[in-house]
Structure formats: structure tokens, C-alpha cells
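Summary of structural features
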Amino acid sequence: MQFFVDNFDTLLRAFLTTLSLSLLAGVLALVLGTLLAAMRVSPILPLRGLATFYVELFRNTPLTVVFFFVIFGLPQIDTVVSFFPGAVIAVGAYTAAFVAEAIRSGINSVNPGQAEAARALGLGFGQSLREVVLPQAFRTVVPPLGSVFIAMVKNTSIAAGFSVTELSSTLPRLVNADAGALLLVLLGVVVGYMIITLPMAFAVNRLERRVAILR
Amino acid sequence: MSTPILFDLPGPKAKARIRIGTVIGVLVVLGLLAIVLLRLDGNGQLDPARWAILFDPNSGVPQALGEALVRTLQVAVVAMVAATVLGVLLAVGRLSDHRWVRVPITTVIEFFRAIPLLVVIFALYFVLPAFGPDLSAFAALALGLTLYNMAVLAEIFRAGILSVDKGQREAAFALGMRKTQVMTQVLLPQATRRMLPVLIAQIVVLLKDTSLGFIIGYFELLRQARSLVEFLNFNFGNIYTLQIYVGAGLLYILINVLISQLAKLVEKRTRSSARAAGAAAPALPTATVSTGNNSGL
């Protein structure tokens with residue numbers, strides 16, 4: 001127990017690293033993902049192709065490989081990023097592909113009749129998107145987007161392999177502790193992740209119920 | 001496919017706008033490409049001699065990557081088979097009529113879904129030895145992947161079982177089948193068939209996750225690539241780094257794209273054969289599957 005108390009500070013700092021990594025990567029993923037989704041539904045072919053390429057590339061690449069390219073690959077073209085910003089970029093860029101897919105499938109799930117009706121009423125592209133399609137798409141997107149971000153928080157753990165002292169990395173660092181203490185650290189790590197993911201899951205559920213519509 | 005719903009067939013003005021947009025888009029894409037190529041070329045990364053090492057058997061690089069790929073696939077196959085078997089059992093258990101079966105199994109499933117896979121692997125590799133059993137990197141990785149994926153697969157199977165039309169179950173009971181028979185002979189075969197595309201897609205996730213072996217030092221594709229780079233850098237200086245990583249990355253992408261395509265093919269076939277079978281075949285319950293956090297990340 002004494003060991004755990006002694007190292008509580010380490011755990012807390014690691015937790016805060018995980019939290020800030022999640023927040024920053026989440027913002028990056030949301031912005032980039034929305035942009036990619038918009039590109040994928042746009043009428044402009046090259047943008048659509050670029051977004052599709054991006055999404056397919058990142059969806060089929062392990063996050064660890066993305067980390068590799070950011071941390072070890074970029075220096076080869078004279079762009080050195082340090083570990084924490086590198087982790088933000090890797091997790092954010094990777095998650096953006098999944099965010100884009102979630103948003104796109106939300107837009108696709110809107111009944112084509114809705115968009116047709118909007119056009120028949122004389123609304124333009126922007127208006128029908130803003131007033132009719134997106135509000136409905138947003139509602140279907142909430143649960144999948146929520147699970148994407150929850151999975152992202154768990155994925156930040158991979159940064160442990162790349163010298164970021166986040167939550168999971170406390171386990172190999174404190175590995176020399178005795179069995180009982182190590183188990184407590186493991187418990188602390190698990191609880192740390194749950195402190196982030198459980199409220200997220202709860203919020204997603206609440207939001208889902210609040211914006212739910214009967215179709 | 002998604003595009004035509006948002007706008008009418010463009011008229012002359014809109015066509016002109018789209019054409020301008022296309023030109024700008026092409027320029028943007030070409031510009032990005034040019035920047036990347038210039039950066040690469042400026043460092044001599046595009047030198048064909050550097051890339052040749054990936055295909056030159058004398059360098060030992062293709063062999064090493066091939067062997068590492070085999071080790072990656074080994075761990076993936078072991079974990080996938082074990083996770084599928086356990087996943088079916090857990091799914092059936094979670095749907096059990098008995099509370100004392102249902103509650104603990106639900107807890108196990110939710111627990112492994114809630115914590116990062118890497119933490120499970122770390123727990124097996126770093127924490128477990130403190131209590132006795134020393135696991136090899138292979139065992140820790142395979143077991144970690146199994147535990148995590150069995151929970152995810154259990155949820156997939158459960159969604160599949162629940163999506164089977166209620167009449168099937170009732171009819172089976174009316175024929176005098178027992179609970180086990182109804183599950184194994186009526187519900188599970190239909191659920192598996194229906195969930196096959198999602199199950200195949202999960203293989204991609206699992207294959208991607210084998211790269212976590214890098215962190216605990218299992219010599220899979222990525223760890224092998226890293227050690228190759230270290231070896232080559234020591235002997236020839238830092239000239240092959242990017243090439244080896246790109247080679248390893250492309251191997252992952254190639255295999256995963258193939259599996260993804262297979263999943264799409266299977267999905268198309270199950271859908272069309274379900275329609276051919278006539279009757280009111282309900283749509284594939286893809287939406288219900290993504291209730292948890294198994295979104296392929």
C-alpha cells in the first residue's frame with residue numbers, strides 16, 4: 001500500500017497525460033474527420049478520391065505503424081516531432097479516418113426522400129444540407145461517433161510504446177515492485193481509463209436519448 | 001453512392017462551378033503530392049537503389065520480413081480461433097436464462113471491452129509473472145488478443161442471435177426442440193451466417209492489433225522492421241529506414257485490404273442469397289452491431 005501511495009503522484013501525472021492526449025487528439029480527429037467526410041460527399045471528384053484514399057489507408061494500417069511513421073519516419077524527411085505531439089498527431093490522424101466514416105454513414109442513412117423533398121421545396125444544396133440532412137444525420141451519428149472516441153481513448157495507450165509517459169506505461173516502469181503493489185498499480189491504471197471512458201459512454205447514451213427521433 | 005441524394009443533376013452553371021472545383025481540387029492534390037515527393041527527393045529517399053533492398057534476396061531483408069509476417073499471422077490465427085470459440089460460448093452464456101450464468105459473463109465481456117488491449121497485454125506480460133506464471137511474449141500477445149477479441153466477438157454473436165426472427169425460435173420450440181438444440185441447430189447457424197461479414201472485418205482489427213507485439217518485444221512484422229533498420233543503420237548508415245518501414249506498412253495494408261474486400265464480397269453474397277431465398281429476410285443488422293466500442297479501431 002505504501003508503494004502505491006508513494007507512486008500515486010506518478011499515476012496521477014500519467015493519468016493527466018492520457019487525458020490531455022485524448023482531448024488534443026480528439027479535437028484533431030473531429031476537425032480532420034468532419035473535413036474528410038465533407039470531402040467524401042462533395043461533387044468534386046479529386047477531393048472525393050483524396051478523402052477515400054486517406055480513409056482506406058488509415059483504416060487498414062495499424063495505429064502502431066502510424067506511430068512509427070510519425071516518430072521514426074518523419075525525421076527521415078527532416079521533420080522531427082517530439083514524442084507527445086507525435087502521439088497527438090498519430091492518434092488524431094488515425095481516428096480522423098474513423099470519424100469520417102461514422103459521419104459519412106450518418107449522412108448516407110438519411111432517407112433520400114428527405115433530400116429530394118427538400119430540393120422539391122426549392123432549397124439549395126447548402127440549405128438542404130444545413131436544414132434537412134445534417135440535423136438528421138447528426139442524430140444517427142451520435143452512437144457510432146461516441147464509440148469511435150471511446151475507442152480512441154483506449155488507443156492512446158499505444159503511445160506507451162513510444163516514450164510517452166501515459167497511463168499504461170506506468171506498468172512496465174513500475175514492474176520491479178512486489179506482486180501486491182503491482183496489482184494495485186494495474187487497478188489504478190484500469191480505474192484511470194474508466195474515469196475517462198465511463199462518463200463518455202454515459203454522456204453518449206444521454207445525448208442519444210435526447211436527440212433521438214422516431215422515424 | 002451517397003452523392004446523388006444531396007444535389008440535382010447539375011445544370012450548366014453548377015457544372016461550370018463543379019468543373020472549377022475539380023480543377024482546384026486536382027491542383028490541391030497534385031500540390032500535396034509534389035510537396036511530399038520533393039521532400040522525399042530532397043533527402044534522396046526516392047533513390048531506386050535504396051528501395052531495391054526490399055526485393056534483394058541477398059540483403060536478407062525480404063526473407064526477414066517474410067518470416068516476421070508468418071509470426072504475425074501465427075499469433076493472429078491462434079488468437080482468432082480461440083477468440084471465436086470463446087466468443088460463441090460467452091454470447092450464448094450472456095443470453096442464458098439463468099442469472100448466475102448471465103451476470104458474471106456480462107461482467108467479463110464488459111470488463112475486457114472497457115479496458116485498452118495494451119493494458120491487458122501489459123497485465124499478462126508484466127503483472128502476471130509477479131504471481132508465478134511467466135508468459136512468453138508470444139503467449140502474452142496471443143492471450144491478450146484472445147481475451148479482448150472474445151469479448152468483442154461475443155457481442156457480435158449476441159447481436160446476430162438476437163437479430164434472428166423470433167418466429168424461428170418459437171417454431172423450433174414448437175417442434176419440441178430443447179433449449180440447447182434451438183441454440184445450436186437453429187439460432188447459431190443463422191446468426192453466424194448473418195454476422196459473417198462483421199466477423200471477417202474483425203479479423204482486420206485483430207491483425208492490426210498484433211502490431212502491439214512490438215511494444216512487448218514479440219518479433220512480429222513491426223519489431224522485425226525496427227531491428228532490421230537498427231542493423232542496417234549500424235552497417236550502412238541511416239539510408240534504409242523509411243524504405244523498410246514503408247515495406248512493412250504496405251504488407252499490413254495489402255493483407256488488410258484483401259480481407260476487407262473479402263468481407264464486402266461475403267456481405268454482398270449473403271445479402272443477395274437472403275433475397276433469393278425469398279420471404280421477409282430482414283436487413284442485415286449492421287447498425288445494431290456497433291452498440292459497443294468495436295468500431296474497427
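Before any of the text, the structure's been laid out above.
The structure reproduced in this document is the subject of the present report. (Residues numbered from 1 in each chain as written. Chains lettered and ligands numbered in written order. Predicted model: local features only at pLDDT ≥ 70, side-chain atom pairs only at ≥ 80, totals over all residues. Heavy atoms only, no water.)

Quick notes on the overall build of chain B
Inclusion rule: Secondary structure elements follow DSSP: runs of H or I of four or more residues count as helices, runs of E of two or more count as strands, with numbering from the N terminus. Three labels apply to residues, based on accessible area from a 1.4 Å probe with only protein chains included: buried if under 20% of the type maximum, exposed if over 50%, partly exposed otherwise in between. When checking whether two residues touch, look at their non-hydrogen atoms; a contact exists if any pair is within 4.5 Å. In short, Shrake-Rupley with a 1.4 Å probe defines the accessible areas, and a residue's cover is counted only from the protein chains shown.
The helix and strand tally for chain B stands at 12 helices and 0 strands. Residues classed as buried in chain B amount to 44% of the 297 residues present. Restricting the contact set of chain B to residue pairs at least 6 apart, pairs at least 24 apart contribute 71%. Approximately 15200 Å² of chain B is accessible, and the part contributed by carbon and sulfur atoms is 68%.

Details of a nonpolar patch on the surface
Operational definition: Note on patches: the residues involved have over 30% relative accessible area and no salt bridge, like charges join within 9 Å, and the nonpolar side chains Val, Leu, Ile, Met, Phe, Trp and Tyr join within 5 Å. Whenever Lys or Arg places a side-chain nitrogen within 4 Å of a carboxyl oxygen from Asp or Glu, that contact is recorded as a salt bridge.
A surface patch of nonpolar side chains, about 450 Å² in accessible area, is lined by A:Phe8, A:Leu12, A:Leu16, A:Leu19 and A:Leu23. With a relative accessible area of 30%, A:Leu19 lands in the partly exposed category.

A short note on the layout of surface pockets
To keep things clear, this is the line we draw: Here a cavity means grid points, on a 1 Å grid over the protein atoms only, where a 1.4 Å probe fits yet cannot get out; a pocket means an open set of points with protein on both sides within 12 Å along at least five of seven lines; lining residues are those with an atom within 4 Å of a point. Grid points are joined across faces, edges and corners, and a volume is the space filled by probe spheres set on the points.
Each pocket or cavity is described by its volume, and for the second largest pocket that value is around 1600 Å³. Together, 36 residues line the second largest pocket, and A:Phe53, A:Leu57, A:Phe58, A:Phe69 and B:Val36 are the ones closest to its centre. When contributions to the lining of the second largest pocket are tallied by element, the ones reaching two or more residues are α2 (8-41), α3 (45-59), α4 (63-73) and α5 (83-109) of chain A together with α1 (12-42) and α11 (241-276) of chain B. Element by element, the count of residues in the lining of the second largest pocket is highest for α1(B), at 9 residues.

Description of empty space enclosed by the protein
Taken as a whole and judged by the stated rule, the model has 3 cavities of 30 Å³ or more. Roughly 60 Å³ of volume is contained in the second largest cavity. Taken together, 10 residues form the lining of the second largest cavity, with A:Leu63, A:Tyr94, A:Asn155, A:Ile158 and B:Asp209 sitting closest to its centre. Contributions of two or more residues to the lining of the second largest cavity are made by α4 of chain A together with α8 (179-209) of chain B.

Structural notes on the side chain of A:Lys154
Heads up, the rule is: Positive charges are assigned to Lys and Arg, negative charges to Asp and Glu, while His and the chain termini are left out of the count. Any N or O atom pair separated by 3.5 Å or less is treated as a polar contact, with the protein-specific requirement of one donor-capable and one acceptor-capable atom, and with residues adjacent in sequence counted only for side-chain atom pairs.
With respect to the element layout, A:Lys154 can be found in helix α7 (residues 125-155). Although A:Lys154 is buried, it makes no salt bridge; B:Asp209 carries the closest opposite charge, 8.8 Å away. Polar contacts involving the side chain of A:Lys154 include one to the main-chain carbonyl oxygen of B:Arg113, which spans 2.5 Å.

With respect to the nonpolar core
For clarity, the threshold we go by: Remark: nonpolar core denotes a set of buried residues (Ala, Val, Leu, Ile, Met, Phe, Trp, Tyr, Cys) joined through side-chain atoms within 4.5 Å.
Within the largest apolar cluster, 135 residues are counted, with the highest numbers of intra-cluster contacts made by A:Phe67, A:Phe162, A:Val189, B:Val61, B:Phe122 and B:Ile244. The element best represented in this core is helix α6 (residues 137-163) of chain B, accounting for 15 residues. Grouped together as the second largest cluster of nonpolar side chains are 9 residues, B:Val164, B:Met183, B:Leu187 and B:Ala191 included.

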